[in-house]
Amino acid sequence: MTIRAVVRGVGHYLPERVVENAEFEATLDTTDDWIRSRSGIERRHFAAEGETTSDLAAHAARTALSDAGLTAGDLDALIVATSTPDLTFPSVATMVQDKIGMGTGFAFDVQAVCAGFIYALANAQALIASGQAQRVMVIGAETFSRILDMTDRGTCVLFGDGAGALVLEAAEGAGTPADRGILATDLHSDGRHRDILYVDGGVSTGCSGVVKMQGREVFRHAVEKLAETAHSALAKAGLTEDDVDWIVPHQANLRIIKATAQRMGLPMERVILTVQDHGNTSAASIPLALSVGQHEGRIRQGDLVVTEAIGGGLAWGSVVLRW
Ligand code: UT7
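Since this is a predicted model, take the numbers as computed values, not measurements.

1. Some remarks on the overall build of the protein chain
Each helix and strand counted, the protein chain has nine helices and 13 strands in total. Its C-alpha atoms give the protein chain a radius of gyration of 18 Å, near enough to 20 Å, the size a compact globule of 323 residues would have. By its C-alpha atoms, the protein chain is 60 × 45 × 40 Å across when sized along the principal axes. Within the protein chain, contacts between residues at least 6 apart in sequence are counted, and of these 75% link residues at least 24 apart. Of the roughly 13000 Å² of accessible surface on the protein chain, 48% is carried by carbon and sulfur atoms. In the protein chain, which carries 27 positive and 40 negative side-chain charges, the distance between the mean positions of the two groups comes to 4 Å.

2. What to know about the pairing of strand β12 (residues 304-311)
Burial analysis of β12 places eight of its eight residues in the buried class, which makes it a mostly covered element. By the alternation rule, side chains of β12 split into L304, V306, E308 and I310 and V305, T307, A309 and G311, which are all buried. Relative to β12, strand β11 (residues 246-249) is paired through four bridges, and the arrangement is parallel. Residue pairing in the sheet places W246 in a bridge with V305 of β12. Here eight bridges tie β12 to strand β13 (residues 315-322), and the two strands are oriented antiparallel to one another. Across the sheet, I310 pairs through a bridge with W316, a residue of β13. Hairpin connection, β12 to β13: the antiparallel pair is bridged by three residues, and G313 has positive phi, about 145 degrees.

3. Some thoughts on the site of the ligand
Near the ligand you find 22 residues, and of these T30, R38, R216, N253 and N280 are the closest. Contacts to the ligand include H250, whose side-chain N or O atom sits 2.8 Å from an oxygen atom. One of the side-chain nitrogen or oxygen atoms of R255 is found 2.8 Å away from an oxygen atom of the ligand. Contact with the protein chains covers 75% of the free accessible surface of the ligand, which is 950 Å². Mapped by element, the contributors of at least two residues to the shell around the ligand are α2 (32-39), α6 (215-236) and α7 (254-263). Tallied by class, the residues present in the shell around the ligand amount to 11 nonpolar, six polar and five charged. Two domains each donate at least three residues to the shell around the ligand, and these are domain 1 (2-173) and domain 2 (181-322).

4. Here's the deal with the pattern of salt bridges
If you walk through the whole model with that rule in mind, you get 17 salt bridges. Here E23 makes a salt bridge to R17, at a shortest N to O gap of 2.9 Å. With a relative accessible area of 43%, R17 lands in the partly exposed category. With a closest N to O distance of 2.6 Å, R43 and D277 form a salt bridge. Taken together, the residues R43 in strand β3 (residues 43-46) and D277 in helix α8 (residues 275-278) connect sequence positions 234 residues apart. In this structure D277 comes out as partly exposed when scored by relative accessible area, which is 29%.

5. Observations regarding the side chain of T84
Assignment of secondary structure puts T84 in the loop between β4 (77-81) and α4 (92-99). A distance of 2.6 Å separates polar atoms of two side chains, one belonging to T84 and the other to E142. Reaching out from T84, the side chain makes a polar contact with the backbone nitrogen of T143 at a distance of 2.9 Å. What T84 contacts, discounting residues up to four positions off in sequence, is T53, A141, E142, T143, F144 and I147.

6. What about the domain arrangement of the protein chain?
Put simply, an interface is often sized by how much accessible area is lost when its parts join up. Each assigned domain of the protein chain is listed with its residue range as follows: domain 1 (2-173) and domain 2 (181-322). Computed from C-alpha coordinates alone, the two centres of domain 1 and domain 2 are separated by 14 Å. Buried surface at the junction of domain 1 and domain 2, both sides included, amounts to about 3800 Å², of which 66% is carbon and sulfur. Counting across the domain 1 and domain 2 interface gives one salt bridge. Applying the counting rule to domain 1 against domain 2 returns 15 residue pairs in polar contact (both at pLDDT 80 or more). Counting only elements with at least two residues in the side of domain 1 that touches domain 2, the list comes to β1 (2-13), α2, β3, α5 (116-129), β6 (135-143) and β7 (161-173). It is β1 that provides the largest number of residues to the side of domain 1 that touches domain 2, a total of eight residues. Counted by class, the side of domain 1 that touches domain 2 contains 27 nonpolar, 16 polar and 10 charged residues.

Calculation notes
Chains are numbered independently. Their residues run from 1 in the order of the written sequence. Given that the model is predicted, a residue must reach a pLDDT of at least 70 before its local features are reported, and side-chain atom pairs must reach 80 or more before they are shown or counted; all residues, however, enter totals for whole chains, interfaces and linings. Derived side-chain values reflect all non-hydrogen atoms in the structure, with water molecules and hydrogen atoms excluded from consideration. Note on conventions: DSSP H or I runs of at least 4 residues are helices, E runs of at least 2 residues are strands, and numbering of each starts at the N terminus. The globule rule is 2.2 Å times the number of residues to the power 0.38, and the radius of gyration it is compared with is taken over C-alpha atoms. Whether two residues touch is decided by their heavy atoms; if any such pair falls within 4.5 Å, the residues are in contact. Computed with a 1.4 Å probe, the accessible areas rest on the Shrake-Rupley method; for each residue, only the protein chains presented here act as cover. Here the positive residues are Lys and Arg and the negative ones are Asp and Glu; neither His nor the chain ends is included. Note that the charge is assigned to NZ on lysines, CZ on arginines, CG on aspartates and CD on glutamates. Each residue is placed in one exposure class: buried if its accessible area under a 1.4 Å probe, protein chains only, is under 20% of its type's maximum, exposed if it is over 50%, and partly exposed if it falls in between. DSSP-based pairing: two strands are paired if at least 2 bridges between them are found. What makes a residue near a molecule or strand is one non-hydrogen atom of that residue sitting within 4 Å of it. For the purposes of these results, a polar contact is taken to be a pair of N or O atoms within 3.5 Å, where, inside protein, one atom must be able to donate a hydrogen and its partner to accept one; residues adjacent in sequence count only when each atom of the pair is a side-chain atom. In the scheme used here, Gly and all other residues not listed as nonpolar or charged are polar, with Ala, Val, Leu, Ile, Met, Phe, Trp, Tyr, Cys and Pro taken as nonpolar and Asp, Glu, Lys and Arg as charged. Residue ranges assigned to each domain were obtained from an automatic or database domain assignment. Any Lys or Arg side-chain nitrogen found within 4 Å of a carboxyl oxygen on Asp or Glu counts as a salt bridge. Summed over both partners, the accessible area lost on bringing two parts together, with a 1.4 Å probe, is the buried area.

Spelled out as structure tokens, the structure:
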């Protein structure tokens, strides 16, 4: 018998304000056509004034709980993947714990930038497999609009705000790839590349800073590494690309997503795409896409899902799960 971390509920939240590409044309030397053709992004959501990452996360968490038919008191642990916490501390996770009325258990944040949700899923899976928790809420939530330099056309047109959440629950499996739940994880980081994508603020600087990115360099690493980590995770699960029903990639750039699918030998019909409507929401992008995929009736129970992401650090990885 193998203890698996199985998805019991999913939900997401997007701030009300939608920012179309055309809005940037008024203040920047850019065009809707450039943004669409280079990134696939058409619009994104920006949080309202005063709306924080923990607010977005709490909305997504409530929706996921309702989808699971559970209440906050049923959770043992809550993990938030984010790089845009409301404050340096306490964690966004403890703020969400309070907002959703989870009076027991424990909560903590994971910071692995755009790969954050992959890292958080791996942590949740380990907590469940080791018997330390039965039910874990895993949230990816970001307000990247707060750390954008709105005069830097190379970054500010790419990112958006949002949150997505999964409730994972311990279930007995047979220990085969036919089990539901997380089947394998594959995590990597390489701090030698920390300067190609970073925020120039933080505790050592006295300000929260803005995103700095060498886009072309990050692009190169992404195309090289994402199909590779997905392949490793599939191999660990005893599966191959032929077994995949859905790729749910980090939604940074349509060209990266297409190149990765091509390297995996899978058609774009097997890819859940939200980048056109959400932009790059960093750690929130995968749970947002999972939630949209399920709510559109595309991802169904029993489907084999591969998620993969790369971001600042560099940190990257993949999770294979049967929905
Ligand atoms: O989620 C974390 C991981 N992040 C990513 O995966 C992002 C990875 N990188 C990318 O998605 C792409 O590199 C970008 C979308 C950021 C840029 O696309 P690119 O095809 O790599 O363009 P580029 O950076 O090579 O820039 C091409 C040109 C440059 O002009 P010159 O030097 O050729 O004259 C840029 O200055 O496009 C210019 N440019 C723009 N033009 C109009 C850069 N941003 C813009 C813009 N509008 N917004």
